[in-house]
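Reading the structure
Read off the chains here:
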Amino acid sequence: MNIMAEIPSALPFAFAFDPATTALIVIDMQRDFIEPGGFGASLGNDVSLLQAIVPTTARLIKTCRDHGLPIIHTRECHKPDLSDLPPAKRNRGNPSLLIGDPGPMGRILIAGEPGADIIPELAPLDTELVVDKPGKGAFYTTQLGEHLAQLGTKTLILAGVTTEVCVQTTMREANDRGFDCLLIEDATESYFPAFKTATLDMIRAQGAIVGWTATSAAFAEALHD
Ligand code: TIU
């Protein structure tokens, strides 16, 4: 079966996809990035910017669940012994609160700590894969590629935070691996609005050099939601 859906308003041009081989990947919607007291706030960022996309992302997840699309959630986090945290990553950011240090939501960006959890509004279902990743990209040192191969996924719908860091890195990794990628504009956000705008522009430049962008409403419409 090869039933194509289309988003005429996608940029830089119409985006066609087969829902049967399409999956949603929601990047790093974790308390550490979205709630006060976490990693994002420790870096000096205003987390309320990211909170604004939670309702849209929840609707996007519901749309995909309703249409039976596989959903994958990622979490940026490290092992408690920090064996997967290179010094080059640890020694960045806020020198007084580094990854692995104790913070208000437990140790910063450490697996199993409250801050590393996905926010309750977007909690994964038991049937949905959660990928813990030590890097910015979701493919690096994870089983994501193998999982998508088993599913037969050809198209990835991307959402999450932050647009120019983990979302863009994952989208570039996926693009190089042969996936057609669509980033949902109103279900991704940056601490820096200008960086979000620039990322959307660079993704769709040069004839979709990295992929496409579209609104969540246009995506839902393509699925006849
Ligand atoms: N700091 C920042 O913008 N992002 C990250 O550190 N990780 C993710 O994007 N998930």
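Refer to the structure printed above.
A quick note: this is a predicted structure, and the numbers were derived from the prediction, not measured. (Residues numbered from 1 in each chain as written. Predicted model: local features only at pLDDT ≥ 70, side-chain atom pairs only at ≥ 80, totals over all residues. Heavy atoms only, no water.)

Counting its regular elements, the chain contains 9 helices and 10 strands. Over its C-alpha atoms the chain spans a radius of gyration of 17 Å, differing by no more than 12% from the 17 Å that the globule rule assigns to 225 residues. With respect to the three principal axes, the spread of C-alpha positions in the chain is 50 × 35 × 30 Å. By residue count, 51% of the 225 residues in the chain fall in the buried class. At a minimum sequence separation of 6, the contacts of the chain that also span at least 24 residues come to 72%. As displayed, the chain offers around 9,900 Å² of accessible surface, 56% of which is attributable to carbon and sulfur atoms. (Helix = DSSP H or I, 4+ residues; strand = E, 2+ residues; numbered from the N terminus. Rg over C-alpha atoms; globule rule 2.2 N^0.38 Å. Buried < 20%, exposed > 50% of the residue type's maximum accessible area, 1.4 Å probe, protein only. Contact = heavy atoms within 4.5 Å. Areas by Shrake-Rupley, 256 points an atom, 1.4 Å probe, with all protein chains shown as cover.)

Before going further, it helps to spend a moment on the sheet that holds strand β7 (residues 129–133). With respect to topology, 6 strands assemble into an open sheet ordered β7-β4-β3-β8-β9-β10, the strand pairing being parallel. A single partner strand is all that each edge strand has here, and the edge strands are β7 and β10 (212–214). Each adjacent strand pair in this sheet contributes to an overall mean axis angle of 25 degrees, direction not counted. Where strand β8 (residues 155–161) lies against strand β9 (residues 180–189), 6 bridges are found, and the strand directions are parallel. (Pairing = 2+ DSSP bridges. Axes fitted to C-alpha atoms, helices over the stretch in contact; angles between N-to-C directions.)

Let's shift gears to the site of the ligand. As a matter of local geometry, the ligand sits amid Asp28, Phe33, Phe39, Leu43, Glu76, Lys136, Val161, Thr162, Val165, Cys166 and Tyr191. With respect to the ligand, the side chain of lysine 136 contributes an N or O atom lying 3.3 Å from an oxygen atom. In this structure, threonine 162 approaches the ligand through a side-chain N or O atom, which is 2.9 Å from an oxygen atom. Contact with the protein chains removes 92% of the 290 Å² of surface that the ligand exposes when unbound. Most atoms of the ligand, that is more than half of them, are within 2 Å of grid points of the largest pocket. (Near = heavy atom within 4 Å. Polar contact = N/O pair within 3.5 Å; in protein donor to acceptor, adjacent residues only side chain to side chain. 1 Å grid on protein atoms, 1.4 Å probe; cavity = no way out; pocket = protein on both sides within 12 Å on 5 of 7 lines; lining within 4 Å. Sits in = over half its atoms within 2 Å of the grid points.)

Quick look at the environment of alanine 187 now. Structurally, alanine 187 can be placed in strand β9. A C-alpha to C-alpha distance of 17 Å links alanine 187 and proline 70, two positions 117 residues apart in sequence. What alanine 187 contacts, discounting residues up to four positions off in sequence, is Ile53, Thr57, Leu60, Ala159 and Gly160.

Estimates place the volume of the largest pocket at around 330 Å³. If you trace the largest pocket, you find 20 residues lining it, with Phe39, Leu43, Glu76, Lys136 and Val165 closest to the centre. Mapped by element, the contributors of at least two residues to the lining of the largest pocket are α2 (39–42), α5 (87–90) and α7 (163–176). With 3 residues, α7 is the largest single contributor of residues to the lining of the largest pocket. For the lining of the largest pocket, the residue count by class is 10 nonpolar, 4 polar and 6 charged. (Points joined across faces, edges and corners; volume = space filled by probe spheres on them. Nonpolar A, V, L, I, M, F, W, Y, C, P; charged D, E, K, R; others polar.)

Among the structural elements, aspartate 32 can be located in helix α1 (residues 31–34). Although buried, aspartate 32 forms no salt bridge, and the nearest oppositely charged side chain, arginine 31, lies 8.1 Å from it. One polar contact links the side chain of aspartate 32 to the main-chain amide nitrogen of leucine 109, over a distance of 2.9 Å. Every residue in contact with aspartate 32, bar those within four places of it in the chain, is listed here: Gly38, Phe39, Gly40, Met105, Ile108, Leu109, Gly115 and Ala116. (Lys, Arg positive; Asp, Glu negative; His and termini not counted. Salt bridge = Lys/Arg side-chain N within 4 Å of Asp/Glu carboxyl O.)

This part covers the environment of glutamate 164. With respect to the helices, strands and loops of the structure, glutamate 164 is situated in helix α7. Ignoring sequence-local partners within four residues, the contact set of glutamate 164 consists of Ser190, Phe192, Phe195 and Thr199. For glutamate 164, the side chain forms a polar contact with the side chain of serine 190, separated by 2.8 Å.

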